[in-house]
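Structural characterization, general
Listed here are the chains, written in short residue letters.
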Amino acid sequence: MSVHTQISRMTTAKIRQMKANNEKITMLTSYDFTLASLVDEAGVDILLVGDSASNIVCGNQTTLPITVDEMIFLTKGVVRAAQHALVVCDMPFGSYQVSEEDGVRNAIRIMKESGCDAVKLEGGEEVLPTVRHIIQAGVPVCGHLGLTPQSVNQFGGYGVRAKENAEAAKLLHDAKLLEEAGCFAIVLEKIPADLAKQVTEAVSCPTIGIGAGNGTDGQVLVLHDMLGLNQGFKPKFLRHFAHLADEVKNAVGNYNTAVKESSFPSAEESY
Ligand code: KIV
């Protein structure tokens, strides 16, 4: 393979083109090489190394504690797995809110050290100058509006956002600003389906919904949630496409019993 070998992975330009072609976009979170390989092989368009890794991988109550170093560490494994999908890494809380300069420095560091194709960050008008500068520096940005979990302490919970007219109007305005700034896509989290559809029709870049109805250009879910690995978490918007928690507990239970009763390993499983 030469150093000039063309990238065969999905690109942000192709993601934009999918909206123009009326082709739905799929995004799932991934945090490690093994599962990311399976998600990529199954044909998902975008692997998101979400800061939900803070909850799913590290067991924190919120996304707030995860660091840039930890996001880079996880993203490297996902990038090694991605043969087809675009890899997007979340900029964690505190890595872009302090100043534009700080945001650009962290975005460049994340892309340079992890090998991801783009970053995602939360917020609208408040972070617009930072979004502009990151894009100008050559790092593609995915926006994120609606329920933005890094602001959970400001919101006071994880409820549906933009149900009132004023917040809905601000969200629509923010989406147009992010589009103008050059975001290649915008995640819309936990907002009324009608509003998500309105935003989708108002912007030229793709919208990717989670808990935002069926009128967006694509959908995203947290992998562990949709696989049924995250026991006890079943918000209305989530569909379990498998029930792997039961499978894992069964398999581990069977292993435990087999070892305790000395039926594993057998003669055939021994050297
Ligand atoms: O961190 C994450 O998993 C996300 C998705 C919920 C969109 O941002």
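Up top is the structure.
Residues numbered from 1 in each chain as written. Predicted model: local features only at pLDDT ≥ 70, side-chain atom pairs only at ≥ 80, totals over all residues. Heavy atoms only, no water.

**A look at the packing of helix 4 (residues 68–81) against helix 5 (residues 100–114)**
The line we're drawing: Between N-to-C directions, angles span 0 to 180 degrees; the directions come from axes that are lines fitted to C-alpha atoms, helices contributing only their stretch in contact. Segments assigned H or I by DSSP are reported as helices when at least four residues long, segments assigned E as strands when at least two residues long, and all are numbered from the N terminus. Crossing handedness is defined as follows: a turn of the near helix away from the far one that is anticlockwise and smaller than a right angle gives a left-handed crossing, while the clockwise case is right-handed. Contact between two residues is taken to exist if any of their heavy atoms lie within 4.5 Å; hydrogens are not considered. Residue type decides the class: Asp, Glu, Lys and Arg count as charged, Ala, Val, Leu, Ile, Met, Phe, Trp, Tyr, Cys and Pro as nonpolar, and the leftover types, Gly among them, as polar.
Two elements in contact, helix 4 and helix 5, have axes whose closest approach is 9 Å; the angle formed by their N-to-C orientations is 35 degrees. When the axes of helix 4 and helix 5 are compared, the crossing they make is right-handed. Contact residues: helix 4 offers Val68, Asp69, Ile72, Thr75, Lys76 and Val79, while helix 5 offers Asn106, Arg109, Ile110, Glu113 and Ser114. The residue makeup of the contact of helix 4 with helix 5, split by class, is four nonpolar, three polar and four charged.

**Digging into the pairing of strand 1 (residues 25–29)**
As a reminder of what qualifies: Type-normalised accessible area, obtained with a 1.4 Å probe on protein chains alone, sets the label of each residue: buried when under 20%, exposed when over 50%, and partly exposed for intermediate values. When the strands point away from the viewer, a crossover counts as right-handed if the path from the first strand over the helix to the second runs clockwise.
With four of five residues buried, strand 1 lies mostly within the body of the structure. After leaving strand 1, the chain enters helix 2 (residues 33–41) and then returns to the sheet as strand 2 (residues 46–49), a path that is right-handed.

**Observations regarding helix 8 (residues 165–181)**
Heads up, the condition is: How far a helix is expected to stretch is found by multiplying one less than its residue total by 1.5 Å.
When the terminal C-alpha atoms of helix 8 are compared, their 24 Å separation across 17 residues agrees well with the 24 Å that a helix rising 1.5 Å per residue should span. Buried residues of helix 8: Ala168, Leu171, Leu172, Asp174, Ala175, Leu177, Leu178 and Ala181, and no others. A positive phi of about 110 degrees marks Gly182, the residue just after helix 8.

**Some details on the pairing of strand 3 (residues 86–90)**
Worth spelling out the cut-off: In this scheme, strands are said to pair when DSSP sees at least two bridges between them.
Counting buried residues along strand 3, five of its five residues qualify, which places the element largely inside the surrounding structure. Burial along strand 3 is two-sided: the face carrying Leu86, Val88 and Asp90 and the face carrying Val87 and Cys89 are both buried. Alignment of strand 2 against strand 3, held across four bridges, turns out to be parallel. Within strand 3, the position partnered with Val49 by the bridge is Cys89. In terms of strand pairing, strand 3 meets strand 4 (residues 118–120) through three bridges, oriented parallel.

**Points about the site of the ligand**
Note the following rule: Whether a residue is near a molecule or strand is decided by its heavy atoms; if any one of them lies within 4 Å of it, the residue is near. Polar contact is defined as a pair of N or O atoms within 3.5 Å, subject to the rule that within protein one atom must be able to donate a hydrogen and the other to accept it, and that residues adjacent in sequence are counted only when both atoms are side-chain atoms. With residues, only the protein chains shown are counted as cover, and all accessible areas are computed by Shrake-Rupley using a 1.4 Å probe. Think of a 1 Å grid over the protein atoms and nothing else: a 1.4 Å probe that fits but is trapped marks a cavity, an open set flanked by protein within 12 Å on at least five of seven lines marks a pocket, and residues with an atom within 4 Å of a point count as lining. Think of it this way: if more than half of a molecule's atoms are within 2 Å of a pocket's grid points, that molecule is in the pocket or cavity.
Around the ligand, the structure places Thr29, Leu48, Gly50, Asp51, Ser52, Asp90, Lys120, His144, Val187, Glu189, Ile210 and Val222. At 2.5 Å from an oxygen atom of the ligand is found a side-chain nitrogen or oxygen belonging to Ser52. Between the ligand and Lys120, the relevant distance is 2.8 Å, taken from an oxygen atom to a side-chain nitrogen or oxygen of the residue. Compared with its free state, where it exposes 260 Å², the ligand has 95% of that area covered by protein. Placement of the ligand is best described as lying within the largest pocket. Class assignment of the residues belonging to the shell around the ligand gives a composition of four nonpolar, four polar and four charged.

**A closer look at the layout of surface pockets**
Under the convention used in this document: Grid points are joined across faces, edges and corners, and a volume is the space filled by probe spheres set on the points.
Size it by volume and the largest pocket reaches roughly 580 Å³. Lining the largest pocket are 29 residues, with Ser52, Pro149, Glu189, Val222 and Phe233 positioned closest to its centre. Of all elements in the fold, only helix 3 (53–56), strand 6 (185–189) and strand 8 (218–221) reach the threshold of two or more residues within the lining of the largest pocket. Size it by volume and the second largest pocket reaches roughly 420 Å³. Lining the second largest pocket are 21 residues, with Gly123, Glu126, Thr148, Ser151 and Phe155 positioned closest to its centre. Listing elements by their share of the lining of the second largest pocket, those giving two or more residues are strand 5 (141–146), helix 7 (152–155) and helix 8. Tallied by class, the residues present in the lining of the second largest pocket amount to six nonpolar, nine polar and six charged.

**Points about the sheet that holds strand 3**
With respect to topology, eight strands assemble into a closed barrel ordered 1-2-3-4-5-6-7-8, the strand pairing being parallel. On average, each strand axis in the sheet is inclined to that of its neighbour by 25 degrees, with strand direction left out of account. Summarising the sheet, strand 4 and strand 5 pair through two bridges and their orientation is parallel. Across the sheet, the residue bridging to Lys120 is Cys142, located in strand 5.

**Thoughts on the side chain of Asp45**
Mapped onto the secondary structure, Asp45 falls in the loop between helix 2 and strand 2. Polar side-chain contacts of Asp45 include one of 2.9 Å to the backbone nitrogen of Thr26. In contact with Asp45, not counting residues within four places along its chain, are Met10, Ile15, Met18, Lys24, Ile25, Thr26, His84, Ala85 and Leu86.

**Here we look at unusual backbone geometry**
Here the residue pair Phe264 and Pro265 is connected by a cis peptide bond, since its omega of -5 degrees sits within 30 degrees of zero. As for its placement among the helices and strands, Pro265 is situated in the segment after helix 11 (244–260). Here the phi dihedral of Lys190 falls at roughly 50 degrees; this positive angle occurs in a residue that is not glycine. Here Lys190 lies in the loop between strand 6 and helix 9 (193–202).

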